Amino acid sequence: MRVVVTGGAGYIGSVVAEELVAKGHEVVVFDNLQKGHRDAVVPEARLVVGDLADRERLRGALRGAEAVVHMAADSLVGESVQDPAKYFRTNVVLGLALLDAMREASIDKLVFSSTAAVYGDPKRQPIEETDETEPNNAYGETKLAFERALPWYARAYGLRAVSLRYFNAAGASERNGERHDPETHLVPIVLQAAAGARPDVTVFGDDYATPDGTCVRDYVHVVDLARAHVAALDALAAGGPSRAYNLGCGGAGYSVKQVLEVARAVTGRDISVKLGPRRAGDPAVLVASSARIARELGWAPTMQSLEAIVGSAWRWMQRRDLA
Ligand code: UFG
């Protein structure tokens, strides 16, 4: 298939593009390079530098395509609370503009990058797709708003869409790893501290109702995430229905303190830690049940240990002389 990947120069998008190319798909990356990196785009893919607001460029990129993987978004939880207008515009308004352009181009298959943030502060763990969705930040709200448009577009216009609700993406492929500026995510921050690129790591609260008091998250390897997009596209191509799927590693998840321990073991370096206050909007525990996608699409994570996930991120940093 010819597949357009919006946001395909970003952390997860670039690895999705790699996986699609590896599976023989023809890939067009559509990215405005505001946060993405030109050199993250696998050479076999065609890069169109453009913004979703630019209808003509988007139209050109979609011409002849059979499916879209939509990953272009604003995705900082804290910023979304400070500036919700930015998030509603990018994630909802421009997302709907993409759906319009897809209709015009007669493209009826979509894989959408959604998030665990649609669940807010969940009442039970592990979280299933049928559990209540009640976002506690504008980022999650905008991702959910877009998801909720999809069944209506399916009914009226024949669009078929798979929403993938990522839990905590981490790790690196051979080629691509996480490099946000500013960096807010725990694993790269911890590894930057190990590398001496920052003095220490601040743990955001140790008084949560978890075994060691720090927040527990479900870390899933970015290459496993990318493989789920390929599986979702295959299912849509085979005539499969619209669905939403959680993507996590299962198990009990890992606390912030456990991530620090594993990072010390993987890198062999000391990592200084400071204790800070809780970060607003952080749920204590977010762990996925990925049973639905396992059952329906046969997807399962292949790199479940945090050592493997953190190790791949560390080796990527070393290859790039960042560690
Ligand atoms: N953390 C720290 N110190 C840091 C950075 C993070 O203690 O310097 C903690 C956070 O408080 C949290 C955990 O590490 O408990 C993980 O934080 P991340 O920022 O790496 O990830 P989040 O769980 O906050 O965010 C992820 C995705 C978001 C998504 C969110 C859903 O990155 O896109 O899950 O809650 F919205």
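The structure displayed is predicted, hence computed values, not measured ones.

S.K.: Explain the sheet that holds strand β4 (residues 67-70) to me, please; I cannot follow it from the model alone.
M.R.: Sheet strands associate in pairs through backbone hydrogen bonding, adopting either a parallel or an antiparallel arrangement. An order of β3-β2-β1-β4-β5-β6-β11 is seen for the seven strands of this open sheet, with the pairing classed as parallel. Each end of this open sheet is capped by a strand with a single partner; those strands are β3 (46-49) and β11 (243-247). In this sheet, adjacent strand axes meet at a mean angle of 20° when their direction is disregarded. Where strand β1 (residues 2-6) meets strand β2 (residues 26-31), five bridges bridge the pair, whose relative direction is parallel.

S.K.: When you look at the nonpolar core in this model, what are you seeing that I'm missing?
M.R.: Generally speaking, a soluble globular protein has its nonpolar side chains buried in company with each other. The biggest cluster of nonpolar side chains holds 38 residues, and the ones touching the most others in it are Ile12, Leu20, Val27, Val69, Leu164 and Leu247. Breaking this core down by element, the ones donating at least two residues are β1, α1 (11-22), β2, β4, β6 (160-166), α7 (222-237) and β11. It is α7 that provides the largest number of residues to this core, a total of nine residues. Filtering out sequence-adjacent residues up to four positions away, Ile12 remains in contact with Met71, Tyr166, Ala169, Val222 and Leu225.

S.K.: Is there a simple way to explain the site of the ligand in this structure?
M.R.: With respect to spatial proximity, 19 residues lie near the ligand, and among them Leu186, Thr202, Arg217, Arg279 and Asp282 are the closest. Within the contact set of the ligand, an oxygen atom lies 2.9 Å away from a side-chain nitrogen or oxygen of Asn168. His185 is positioned such that a nitrogen or oxygen atom in its side chain is 2.8 Å from an oxygen atom of the ligand. For the ligand, whose accessible area on its own is 690 Å², the fraction buried by protein is 91%. Listed by contribution, the elements that provide at least two residues to the shell around the ligand are α6 (186-195) and β8 (201-204). Looking at the shell around the ligand element by element, the count peaks at three residues for β8. A per-class count over the shell around the ligand returns 11 nonpolar, five polar and three charged.

S.K.: How should I be thinking about the domain arrangement of the protein in this particular structure?
M.R.: When the parts come together, some accessible area is lost, and that loss is often what is quoted as the size of the interface. According to the domain assignment, the protein consists of domain 1 (2-169 + 220-247) and domain 2 (171-217 + 250-319). Domain 1 and domain 2 are separated by 23 Å when their C-alpha centres are compared. Counting residues at the interface gives 41 residues for domain 1, matched by 32 residues for domain 2. Here domain 1 meets domain 2 over a buried area of about 3,100 Å², counting both sides, of which 56% is carbon and sulfur. There are two salt bridges connecting domain 1 and domain 2. The shortest N-O distance in the salt bridge between Glu296 and Arg243 comes to 2.6 Å.

S.K.: How do you make sense of the side chain of Thr90 when you look at a structure like this?
M.R.: As for its position among the elements, Thr90 is in helix α4 (residues 84-104). A distance of 2.7 Å separates a polar atom in the side chain of Thr90 from a polar atom in the side chain of Asp74. Among residues more than four places away in sequence, those in contact with Thr90 are Ala73, Asp74 and Gly95.

S.K.: Honestly, the layout of surface pockets in this entry has me stumped. Any pointers?
M.R.: Gaps left between atoms are located by rolling a probe of water-molecule size over the structure's atoms. What the second largest pocket holds in volume is close to 220 Å³. In this structure, the second largest pocket is lined by 14 residues; those nearest its centre are Glu178, Gln192, Trp316, Met317 and Leu322. Secondary structure elements with two or more residues in the lining of the second largest pocket: α6 and α10 (306-319). Examining the composition of the lining of the second largest pocket, we find that four residues originate from one element, α6, more than from any other. By residue class, the composition of the lining of the second largest pocket is eight nonpolar, four polar and two charged.

S.K.: Which parts of the structure should I look at to understand the sheet that holds strand β14 (residues 285-286)?
M.R.: Spatially, β12-β9-β14 is the arrangement adopted by the three strands of the open sheet, whose pairing is mixed. Each edge of the open sheet is held by one strand with a lone partner, namely β12 (254-255) and β14.

S.K.: Would you take a moment to explain the packing of α1 against α7 for this structure?
M.R.: Packed helices, taken two at a time, are described by the angle between their axes plus the distance between the axes. Contact geometry for α1 and α7: axes closest at 8 Å, N-to-C directions at 55°. On the basis of the axis angle, α1 is oblique to α7. Regarding α1 and α7, the two cross each other, and that crossing is right-handed. Facing α1, whose interface residues are Tyr11, Ile12, Val15, Val16, Glu19 and Leu20, α7 presents Val222, Val223, Leu225, Ala226, Arg227, His229, Val230 and Leu233. Looking at side-chain class alone, the contact of α1 with α7 contains 11 nonpolar, one polar and two charged residues.

About the thresholds
Residues numbered from 1 in each chain as written. Predicted model: local features only at pLDDT ≥ 70, side-chain atom pairs only at ≥ 80, totals over all residues. Heavy atoms only, no water. Pairing = 2+ DSSP bridges. Helix = DSSP H or I, 4+ residues; strand = E, 2+ residues; numbered from the N terminus. Axes fitted to C-alpha atoms, helices over the stretch in contact; angles between N-to-C directions. Core = buried A, V, L, I, M, F, W, Y, C linked by side-chain atoms within 4.5 Å. Buried < 20%, exposed > 50% of the residue type's maximum accessible area, 1.4 Å probe, protein only. Contact = heavy atoms within 4.5 Å. Near = heavy atom within 4 Å. Polar contact = N/O pair within 3.5 Å; in protein donor to acceptor, adjacent residues only side chain to side chain. Areas by Shrake-Rupley, 256 points an atom, 1.4 Å probe, with all protein chains shown as cover. Nonpolar A, V, L, I, M, F, W, Y, C, P; charged D, E, K, R; others polar. Domains from an automatic or database assignment. Buried area = accessible area lost by both parts, 1.4 Å probe. Salt bridge = Lys/Arg side-chain N within 4 Å of Asp/Glu carboxyl O. 1 Å grid on protein atoms, 1.4 Å probe; cavity = no way out; pocket = protein on both sides within 12 Å on 5 of 7 lines; lining within 4 Å. Points joined across faces, edges and corners; volume = space filled by probe spheres on them. Parallel < 35°, antiparallel > 145°, perpendicular 65-115°, else oblique. Left-handed = near helix turned anticlockwise from the far one by under 90°.

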